[in-house]
Amino acid sequence: MLTWMLVFVPAAIAVELLAAEQHLLVFLAAALAIVPLAGWLGRATEQLAERSGEGVGGLLNATFGNATELIIALSAMRAGLHDVVKASLVGSIVGNILLVLGAAMLAGGLRHQEQQYNASAARSQATLLTLATIALILPAAYSAVVASRAPDGLQALSLYISLLLLLVYGLFLVYSLVTHKNLFAGDPNAPHTPHATPLWSKAKALLVLGTATVMIAWISEILVGAIEPSAHQLGLSNLFVGVFIVAILGNAAEHSSAISAAMKNRMDLSLAIAIGSSVQVALFVAPVLVLASYFVGGVPMDLAFSGGLVLSVLLAVLITGQVAGDGRSDWLKGVQLLAVYLILGLAYFFTPDVLPS
Amino acid sequence: MLTWMLVFVPAAIAVELLAAEQHLLVFLAAALAIVPLAGWLGRATEQLAERSGEGVGGLLNATFGNATELIIALSAMRAGLHDVVKASLVGSIVGNILLVLGAAMLAGGLRHQEQQYNASAARSQATLLTLATIALILPAAYSAVVASRAPDGLQALSLYISLLLLLVYGLFLVYSLVTHKNLFAGDPNAPHTPHATPLWSKAKALLVLGTATVMIAWISEILVGAIEPSAHQLGLSNLFVGVFIVAILGNAAEHSSAISAAMKNRMDLSLAIAIGSSVQVALFVAPVLVLASYFVGGVPMDLAFSGGLVLSVLLAVLITGQVAGDGRSDWLKGVQLLAVYLILGLAYFFTPDVLPS
Amino acid sequence: MLTWMLVFVPAAIAVELLAAEQHLLVFLAAALAIVPLAGWLGRATEQLAERSGEGVGGLLNATFGNATELIIALSAMRAGLHDVVKASLVGSIVGNILLVLGAAMLAGGLRHQEQQYNASAARSQATLLTLATIALILPAAYSAVVASRAPDGLQALSLYISLLLLLVYGLFLVYSLVTHKNLFAGDPNAPHTPHATPLWSKAKALLVLGTATVMIAWISEILVGAIEPSAHQLGLSNLFVGVFIVAILGNAAEHSSAISAAMKNRMDLSLAIAIGSSVQVALFVAPVLVLASYFVGGVPMDLAFSGGLVLSVLLAVLITGQVAGDGRSDWLKGVQLLAVYLILGLAYFFTPDVLPS
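Definitions and cut-offs
Residues numbered from 1 in each chain as written. Chains lettered and ligands numbered in written order. Predicted model: local features only at pLDDT ≥ 70, side-chain atom pairs only at ≥ 80, totals over all residues. Helix = DSSP H or I, 4+ residues; strand = E, 2+ residues; numbered from the N terminus. Buried ≥ 20, exposed ≤ 12 C-beta atoms within 10 Å, placed from the backbone. Contact = placed C-beta atoms within 7 Å. Least-squares fit on C-alpha atoms with pLDDT ≥ 70 in both. Nonpolar A, V, L, I, M, F, W, Y, C, P; charged D, E, K, R; others polar. UniProt positions renumbered as here; feature names shortened; annotations may be inferred. Expected span 1.5 Å × (residues − 1). Axes fitted to C-alpha atoms, helices over the stretch in contact; angles between N-to-C directions. Parallel < 35°, antiparallel > 145°, perpendicular 65-115°, else oblique. Left-handed = near helix turned anticlockwise from the far one by under 90°. pLDDT = per-residue confidence, 0-100.

1. Some points on the overall build of chain A
A tally of helices and strands in chain A yields 13 helices and two strands. Here the C-alpha coordinates of chain A stretch approximately 55 × 50 × 35 Å along the principal axes. By the burial criterion, 61% of the 357 residues in chain A qualify as buried. By sequence separation, contacts in chain A at least 24 residues apart represent 82% of the contacts at least 6 residues apart.

Spelled out as structure tokens, the structure:
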């Protein structure tokens, strides 16, 4: 399936070169091309991680796991679309815990009456999301109340909070890979990850990793250029496209892995993929983008997301904490998360653009 | 007691016919008349439910359990009092989890050092309340920020969210009555419900159900007509009357059942009544009213509750989730819930009318 | 250490008399003088408590445990600095659950892989904090939306809520000292508190208590007088000084006790000190100050804290509830709490004064 979808890569490039004014077509082709590339990137990362010993492997996964989101966001930032960057970050955080986790719990719950997982690991990740949410709420509140009186404060506040989030993320890696890795081990009797054999050679994995990264960077430039005109053509807002469409693209691979793990009753793995991705976006990708914005040129990006985006993260994190805190899941929990995702989607769908960011 | 209170039914009708300008008297008589009627309606529903087999019975309870609230709200809606409808919905949600559950935990806790209940069932209902709260927050935020730019969006958003809530409620019934009914079974050794014998005949139950429904509809018209002038006469705001007085009337029956169950140490039943009623109002009664408003005539009702009402629900749901999530209760938990109810009551008491809805 | 620091007491008085215009020096000397006095006050209270039998002792601890905060706040109130009072109350609530508890969990977690504590006791205190947070949110919301139409309402609302909070606090004492004291007992095999022998005589304890109280009252007058000019001189806002500097002073003693208890793996005691202090400030000190403001002269103080302060409490309580609800702690939990404290600190650091209170 992933291999087959690679045909969209040349297709996207071809359409961009030959019919760039067909924005919707460009957008669709680029969007569909991103999915298999993200899949290959993820698989190469995993292969490298497996061959690298536990610690380095975990680090690799934790750093490149959301490389696709990062590359797309960098493209959007270079194009000056800070609002799209922020929307896609929020879409990625919210999508992983509501759509991916919801779908996984639903799919797993349809097969199994009740599924168990390590509540401590889930809670520690949920708490990291709460921490990240607080790190979004305060700059937004600052921006609303204080920024007019202290215009430079917001940028400095965003910078320091970003550094702090990266520090916390680093400490979380120490926690999950070194001092408390037993919490994240899951069931030791579980069958190993499906594509464990045959292993790619390390060289091949590195080659795939490099190629996929370059291609994603290229395609994401095409994608980002087509977002606004396509949204316009579809009658959708940039915000909706950013939160719900762009964000889903980079997560497609996580999506299928989390669901497949849940169906095999490996809920620890499923939660680690879904909540872990949200944690990674919130505590690693977002602050890296703030730091990167100082080098990419143009105005540096701050952490002051619009009220609606912050509210979305807050509500999603709130219900995820409630759903994932007790170490058990069933199909209704999946339905509840998906319902919140749909409600958020409806609210954004009916929101026209020209919001104050 | 209930039987005796039925004298208020003819009394209310008499006062309305003979001394309609005595608004306070009309209001009091109608309010006191609703209580026994709601009790009879509830008892008839239960009797029918018991005779109908588990699945259909559960469905009956879940549908007619808050029939009184629904009928009062329909009367208020027909009178164009959307604000009273919304206030009484919020009052009913908040009252069931703070006042009814708080009183039950307090009464139970005064008799028993510590009481146990199924935490999974309580958590799944608390999560439904969080979901419903999100479904109230987003239209309110939309109404505050977006609605001026997209005037039709609010109505469409309310309609779709209502349909989604009804779908989730339906799925919750499947969950609690079919796939996971064991979670809600409570202690199998517990004595059966008190009025199990002698059973009314099905015909009698249907007759009572019909009569009570008709009478409630009649009395609620009288009640609704007297709300505004009575509130004025008492120096209370419509909002206070809606949230704290009207809402308590329809819940009087639940109130006594939940307390009596708690005192008999049947906390699973007590929570099912209290939290379950809130869930029912939020996920069934409220969306049904939005849909009904398209047929009743006048302007359709939206889901954009005023900020104060949404805040009340949010705070009540937040503390209920914290209190009811660990499978044990004691008297202090009851005190905590009641204290929040009192604080909310004080805030509304000191709030004069003419709030932007 | 504490004894040695007492030299700052005469130093503070000397600087105030001889060089009162050296505001920063006055502030520093007074701040450093408060720490050992608060320590002696705490120790004398404990000694009296131990000699008084369990019930009375618990009551003494619960009443005088935050005497320092109370005295500083009374001084600030007499000086008309309601904003500093409110800021230091919030700083004390937030500091105890984020800084003190965070440092304790971190220090304990660096020694012990995982530490256990009674989740029920922690949850009941966390719920009290949620209750107190609700008691702060509603007057703030009232002040923002309603107060212009009902100017007297805010004062009355604050008064009634304060009385209610004191009642709940009293009931909590009954709960923790009488009906459910077993929940708060901790490990019965734990070694007794370190300074159990040699006991001071009751007379000596009373003498220390009295002297320390008088001295704290004196020094806190000096401290309060120097806050605004020192803040100005340091380029800090009054708000930052109130929330993060004044608040830390009175808590220094709790700070070291909570950390030392955690390192000895006595997490129940550590949580009781940290969360318990926050509960005491929120449910006892704050309402007592509101009541006291009627007698101290000037405008009575209300409970309408500024939006930023209320938000800080809400976020701190939210994450504390999540962190402390499952009966286990490790070093990452400590890091998470400290990170939130730092983020709050950054936000206040970059906030200049002249905020609407």
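2. As for the relation of the copies chain A and chain B
Expressed as a screw transformation, the operator carrying chain A onto chain B has a rotation angle of 120 degrees and an axial translation of 0.0 Å, and the superposed copies differ by an RMSD of 0.0 Å. Such a combination of turn and shift is consistent with a three-fold rotation axis.

3. Brief notes about the interface of chain C and chain A
At the interface, 22 residues of chain C touch 30 residues of chain A. Of all elements in the fold, only α12 (307-323) and α13 (331-349) of chain C reach the threshold of two or more residues within the side of chain C that touches chain A. Tallying contributions element by element places α13 of chain C first for the side of chain C that touches chain A, with nine residues. For the side of chain C that touches chain A, the per-class residue count stands at 15 nonpolar, four polar and three charged.

4. Observations concerning unusual backbone geometry
For residues besides glycine, phi is generally negative; the peptide bonds are generally trans as well. Positioned with a positive phi, N265 of chain A is a non-glycine residue whose angle comes to about 65 degrees. Relative to the helices and strands, N265 of chain A resides in the loop between α10 (238-263) and α11 (267-296).

5. Description of the UniProt feature "domain: Sodium/calcium exchanger membrane region" (unreviewed entry) in chain A
The UniProt record annotates "domain: Sodium/calcium exchanger membrane region" (unreviewed entry) at residues 24-177 and 205-344 of chain A. As a span, residues 205-344 of chain A carries 84% helix and 1% strand, and end to end its C-alpha atoms are 38 Å apart.

6. Quick notes on the environment of A150 of chain B
Its place among the elements puts A150 of chain B in the loop between α7 (119-145) and α8 (153-179). For A150 of chain B and A67 of chain B, which are 83 residues apart along the polypeptide, the C-alpha to C-alpha distance reads 35 Å. Look past the residues within four positions of A150 of chain B in its chain and what remains in contact with it is F350 and P352 of chain A.

7. Comments concerning α7 of chain B
With 27 residues, α7 of chain B extends 38 Å between its outermost C-alpha atoms, agreeing within 8% with the 39 Å of an ideal straight helix rising 1.5 Å per residue. Within α7 of chain B, 22 of the 27 residues are buried, leaving the element largely enclosed by the surrounding structure.

8. Observations regarding the packing of helix α5 (residues 67-78) of chain C against helix α6 (residues 82-111) of chain C
All names here are of chain C. With their axes 8 Å apart at the nearest point, α5 and α6 run at an angle of 160 degrees to one another. One way to sum up the angle between α5 and α6 is to call them roughly antiparallel. Note on packing geometry: the crossing formed by α5 with α6 is right-handed. For the pair formed by α5 and α6, the contact residues are E69, I72, A73, A76 and M77 on the first element and H82, V84, V85, S88, L89 and S92 on the second. Partitioned by chemical class, the residues of the contact of α5 with α6 number seven nonpolar, three polar and one charged.

9. Thoughts on the interface of chain A and chain B
Across the contact, 22 residues belong to chain A and 30 residues belong to chain B. Elements with a contribution of two residues or more to the side of chain A that touches chain B: α12 (307-323) and α13 (331-349) of chain A. Top contributing element to the side of chain A that touches chain B by residue count: α13 of chain A, with nine residues. When grouped by side-chain class, the residues that make up the side of chain A that touches chain B number 15 nonpolar, four polar and three charged.

10. Regarding the packing of helix α6 (residues 82-111) of chain B against helix α13 (residues 331-349) of chain B
Each pair of packed helices gets described by two things: the angle between the helix axes and the distance between those axes. All names here are of chain B. In contact at an axis separation of 7 Å, α6 and α13 are set at 145 degrees when each is read in the N-to-C sense. The hand of the α6/α13 crossing is left-handed. For the pair formed by α6 and α13, the contact residues are V94, L98, L99, L101, G102, A103, M105, L106, G109 and L110 on the first element and W331, K333, G334, V335, L337, L338, V340, Y341 and L344 on the second.

11. Observations regarding the environment of I216 of chain A
Residue and element names in this part refer to chain A. In this structure, I216 sits in helix α9 (residues 202-234). Overall, the presence of 25 C-beta atoms within 10 Å leaves I216 in the buried class. Considering only alpha carbons, one finds I216 and E69, 147 residues apart in sequence, at a separation of 9.9 Å. Contact partners of I216, with chain neighbours within four places excluded, come to I34, L37, A38, L41, T68 and I71.

12. Some points on the confidence of the model for chain A
All names here are of chain A. Per-residue confidence for chain A averages 86 on the pLDDT scale, and 94% of its residues sit at or above 70. Averaged pLDDT values over the elements of chain A bottom out at 72 in helix α4 (residues 54-64) and peak at 95 in α13. Across the predicted assembly, pTM comes out at 0.92 and ipTM at 0.90.

13. Considering the environment of A316 of chain B
Residues and elements named next belong to chain B. Mapped onto the fold, A316 is located in helix α12 (residues 307-323). By the C-beta count within 10 Å, which is 27 here, A316 ends up buried. Considered as a pair, A316 and A339 are 23 residues apart in the sequence and their alpha carbons are 11 Å apart. If we skip the residues at most four places from it in the chain, A316 touches V94, I97, L98 and V340.

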